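Summary of structural features
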Amino acid sequence: MQSEQYDRQLTPSQKKAVSHIEGPLLVIAGPGSGKTRVITYRIAALIDSSVLPKNICAITFTNKAAEQMRQRTDALGTPTGAHISTFHSLCVRILRQYAAQANIKSNFSIYNDSDQTRCIKQATKDCGIDKKNFPPSRCLNTISSLKNSLIDTEPFEAQADDFFSKTLSKIYNRYQQILTENNALDFDDLLTKTAILLHKNKTVCSQLSNRFKFLLIDEYQDTNHAQYTIAKELASAHNNICATGDPDQSIYRWRGADIRNILDFENDWPDAVTIKLEENFRSTPNILEAADKLISKNKNRKQKVLIPTKPKGHDISVTSFDDEHEEALGIADQIKKLIKQKTTLNDIAIFYRINAQSRSLEEAFIKNKIPYQIIRGVEFYNRKEIRDMLAYLKVLANPADQIALLRVINTPARGIGKTTITKVLNFAASHKISLFDGLKKVEQISSLSKAPKTKIAVFVNMLEQFKADSSGKVGPLTERIFIESGLQNSFKAAGSEGSDAIENVNELINAIHAYDQQTEEPSLVDYLQQISLFSDTDTYDPSGQRIALMTLHAAKGLEFENVFIIGVEEGLLPHERSADDDDELEEERRLLFVGITRAKANLNITYARYRTIRGQFLRTIPSQFLFELGIDITPSDSELPEDHHDDGYYYDESTSQLPPQFKKNQLVRHEVFGLGRVQKYNDMGENSTATVKFNTGHIKTLMLKYTKLEKIKNL
DNA sequence: AAAACATACATTTTT
DNA sequence: TGTATGTTTT
């Protein structure tokens, strides 16, 4: 690429960011400011100034973003060879290369959520702890945040001084032990082990930071402490770190993302140059004005402006509906109108807070014959048949992977039942060998009769044969397993129910063939480690003529002409779990901000007055964010509820004045829920709400004009 | 050992 | 509400 070429295509500040080659650089860039463009051109500019591509490492937030960046740098005429990937993929690569130094085996399995849950349940059980007091999800969350803060088992054990921490420490220890026994790492381990390796092993650290002389990190606002450490270590030798991000778009706090990483960049790298990109090339001024109004309500924030460059467009629209079905049908109607106006379907996206909200949309779209695609986390890889197939591959790649082995040992049914497995497990435990080795020594297990022994021998023999065929390309092996394991036949026998499964496995096989062709040195271990980091979000096809449905989180980094954001109601957006924490509430606000700023031309916000939540038809409360956006949500008389008094809400016609105000901790009484304390009061004029924790344990957000809350004096 | 049934349980967002 | 696990039946 010639420098004149990007001269014409970049604004002055973008150009400045591109041409600042050496030393630490922070690019604070608002939405739609051409941030990705800057990184892409920067890679090209580095290569222009004769930096070798292999010395460049760019880190993106998703695989999808990495893929796009590769394509774009290629399009600029850049030779391929720059390492562009997510943090997790980079870590897999590093850990495999330096497995010995990291004290692991390079053929490790990567455990996902459900694998983790199994391990944590086992760990809790092994420690003799009641899972009712220490629920798996809670333990996993805590352990995850420990790992993200780089707190290993020993230091945690040392600092644990209360009952909860001490018990959790036991579980944490055993959990890590189980992972080691299975030769497995969880998602957090990938980051943690890499961070610790880089931090402790100066040889490895200097080798890698010499390999990656230029480090570029996108979406820096969403890095957690482990990722931060990795970045810092990798850049330690040369200081050539370029981070880009937008604190207002930080939406992954729950995953350990620490917004301070970006806010403190200038402290961490004292000679850092900071460039702000505040011009927005994506949205109309109308949309940006709304976005700014909303985000300004965040207190913990550096002031930033969004400068529109587009001409004035349509105002944002807010529509209310009776319930989620009406909402979906209403949107379908609007979309049909858009289609009549020659809008193409891939110019339309619908965002929601939680995946469950997609259901009513699907129904409405099927009814109206509108083509759509749902962008969801890991749908495909969560299918039973896919997980079964992958489990076979995992066992071959990593025989120590007991979870995978237990999954396939009797799938399809081959007469190796629970009692048999328990006997082998006991044998393996008493001889301190893995389950797989136990199966191999089945002849020595005296408690087993002849029939199960033979069945196990046949199974082991089958795996050994697969194993002999497991080097090089993965596709042929997968096909062989599908047939010879008996899985295909079991699906055929299941009739119409199994035909979907066969189709899905065929899709998997196709994907594996594609992997074989695209990869220089395809290998089973490599394929499995890559696939573990892949999600369906990465398969979104923007060229398809379909409407995109996704969560607000998945919308990050994308843009559409027409955006619908649905279910903007208290409890949903902001989500109820953020009600009692101001930081979390601010994150919810940022989430909506991200959604709003995806829209290029038309933004439609909707909410429903009633919504079915967990099977219950409940009156909703319009989101406080609507109020903050300056949107009048006063319902007209015809919209007021008449026959739904299900949740204790009612409308008192006599209260034409403003509802009473409350202070935090005010003791109150509610007709239905009884006594409670106000946790939070939201002054929204007529639409003010109070979040109350009742003695029943329920936490409710109540709209004060509908709900009679009696103030009780403290005794 | 598999299927049928019952009951508990959680239920945000994802690499 | 739906999933996921546990229990009973065949």
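Preceding block: the structure.
Residues numbered from 1 in each chain as written. Chains lettered and ligands numbered in written order. Predicted model: local features only at pLDDT ≥ 70, side-chain atom pairs only at ≥ 80, totals over all residues. Heavy atoms only, no water.

Examining the protein's contact with DNA strand C
Where we set the bar: Nearness here has a simple test: a residue counts as near a molecule or strand if at least one of its heavy atoms is within 4 Å of that partner. Counted as a polar contact is a pair of N or O atoms within 3.5 Å, where, for protein atoms, one must be capable of donating a hydrogen and the other of accepting one, and residues adjacent in sequence contribute only when both atoms are in side chains. Residue classes follow a fixed rule: Ala, Val, Leu, Ile, Met, Phe, Trp, Tyr, Cys and Pro count as nonpolar, while Asp, Glu, Lys and Arg count as charged, and any other residue, Gly among them, counts as polar.
The local shell around DNA strand C consists of Lys121, Arg359, Arg614 and Gly615. When atoms of DNA strand C within 4 Å of the protein are sorted by moiety, sugar and phosphate together comprise 100%. Taking Lys121, its side chain carries an N or O atom lying 3.4 Å from a phosphate oxygen of DNA strand C. In this structure, Arg359 approaches DNA strand C through a side-chain N or O atom, which is 3.3 Å from a phosphate oxygen. Residue classes in the surface near DNA strand C are distributed as no nonpolar, one polar and three charged.

Regarding the sheet that holds strand S12 (residues 348-352)
Applied cut-off: The pairing criterion for strands is at least two bridges between them, as found by DSSP. Starting at the N terminus, helices and strands are each numbered in turn, a helix being any DSSP run of H or I of at least four residues and a strand any DSSP run of E of at least two. For every element, the axis is a line fit to its C-alpha atoms; helices are fit only across the contacting stretch, and the angle between N-to-C directions ranges from 0 to 180 degrees. Every residue pair with non-hydrogen atoms within 4.5 Å of one another is taken to be in contact.
If you trace the six strands from one edge of the open sheet to the other, you get S11-S16-S15-S12-S14-S13, paired in parallel fashion. Lying at the two open borders of the sheet, with one neighbouring strand each, are strand S11 (317-321) and strand S13 (372-375). Averaged over all pairs of adjacent strands, the angle between strand axes in this sheet comes to 20°, irrespective of strand direction. Lying over the sheet, helix H16 (residues 324-340) contacts S11, S12, strand S14 (547-551), strand S15 (560-565) and strand S16 (599-608), oriented at roughly 155° with respect to S16.

Regarding the nonpolar core
Note the following rule: By nonpolar core we mean a set of buried residues, namely Ala, Val, Leu, Ile, Met, Phe, Trp, Tyr and Cys, connected to one another through side-chain atoms within 4.5 Å. Buried means the residue's accessible area, taken with a 1.4 Å probe over protein chains only, is under 20% of the maximum for its type, while exposed means over 50%, and partly exposed covers the values in between.
Leu393, Leu405, Leu439, Phe459, Leu463, Leu508 and Tyr527 are the most contacted members of the largest nonpolar core, which totals 49 residues. Per-element tally for this core: the top contributor is helix H18 (residues 384-397), with nine residues. Dropping the residues within four chain positions of it, Leu508 is found in contact with Phe380, Tyr381, Ile386, Met389, Leu390 and Tyr527. The next biggest cluster of nonpolar side chains, apart from the first, holds 42 residues, and it includes Ile104, Phe108, Leu191 and Ala231.

A few points about the pattern of salt bridges
Counted only if it meets this: Any carboxyl oxygen of Asp or Glu that lies within 4 Å of a side-chain nitrogen of Lys or Arg is treated as forming a salt bridge with it.
Applying the stated criterion to the full structure yields 33 salt bridges. The residue Asp186 makes a salt bridge to Lys147 at a minimum N-O spacing of 2.6 Å. Here the residue Asp186 occupies a position in strand S5 (residues 184-186), and Lys147 occupies one in helix H7 (residues 136-148), the gap between them amounting to 39 residues. Note on accessibility: Asp186 and Lys147 belong to one class, buried. Note that Arg253 is salt-bridged to Asp581, the shortest N-O span being 3.6 Å. Of the two residues, Arg253 is situated in the loop between strand S7 (241-245) and helix H13 (260-263) and Asp581 in the loop between S15 and helix H27 (582-596); the sequence distance between them amounts to 328 residues. Judged by relative accessible area, Arg253 falls into the partly exposed class, the value being 32%. Through salt bridges with shared partners, a single ionic network connects Lys35, Asp218, Glu219, Asp222 and Lys556.

Side note on the packing of aromatic side chains
As a reminder, the rule being used: Ring geometry is summarised as follows: Phe, Tyr and Trp rings, the Trp one being its six-membered ring, pair when their centres sit within 6.5 Å, and such pairs are stacked at plane angles under 30 degrees, edge-to-face over 60 and tilted between the two. Ring-over charges, as used throughout, are those where CZ of Arg or NZ of Lys falls within 6 Å of the ring centre and within 35 degrees of the ring normal.
Applying the stated criterion across every chain yields a total of 11 aromatic pairs. When the centroid spacing of 5.7 Å and the interplanar angle of 85° are considered together, the rings of Tyr220 and Phe265 count as edge-to-face. Here the residue Tyr220 occupies a position in the loop between strand S6 (214-217) and helix H12 (225-235), and Phe265 occupies one in helix H14 (residues 265-268), the gap between them amounting to 45 residues. The residues Tyr220 and Phe265 share a single accessibility class, namely buried. The lysine or arginine in question, Lys556, covers the ring of Phe61, its NZ or CZ lying 4.1 Å from the ring centre. Arg619 extends its terminal NZ or CZ atom over the ring of Tyr610, reaching a point 5.3 Å from the ring centre.

Comments concerning the packing of helix H10 (residues 187-200) against H12
Angle between the axes and distance between the axes: these two values describe a pair of packed helices. Threshold: In this scheme the handedness of a crossing depends on how the near helix is turned from the far one: anticlockwise by less than a right angle means left-handed, clockwise means right-handed.
For the pair H10 and H12, the least separation of the axes is 9 Å and the interaxial angle reads 35°. Crossing of H10 over H12 shows left-handed handedness. Each of Leu191, Thr194, Ala195, Leu198 and His199 in H10 lies in contact with H12, whose residues at this interface are Ala226, Gln227, Thr229, Ile230, Glu233 and Leu234. Of the residues belonging to the contact of H10 with H12, the class tally is six nonpolar, four polar and one charged.

Some details on a positive patch on the surface
Threshold: Think of a patch as exposed residues, more than 30% relative accessible area, with no salt bridge, where like charges cluster within 9 Å and nonpolar side chains (Val, Leu, Ile, Met, Phe, Trp, Tyr) cluster within 5 Å. In this description, accessible areas are obtained by the Shrake-Rupley approach with a 1.4 Å probe, and a residue is regarded as covered only by the protein chains that are shown. The charged-residue count follows a simple rule in which Lys and Arg add positive charge and Asp and Glu add negative charge, with His and chain termini not counted at all. Think of each charge as sitting on NZ of Lys, CZ of Arg, CG of Asp or CD of Glu.
On the surface, Arg118, Lys121, Lys125, Lys131, Lys132 and Lys418 cluster together into a positively charged patch. The biggest single contributor to the positive patch is helix H6 (residues 113-126), with three residues. Residue placement: Lys418 occurs in helix H20 (residues 418-430). On the basis of relative accessibility, which here comes to 74%, the residue Lys418 falls in the exposed class.

Taken by themselves, the reported measurements are silent on function.
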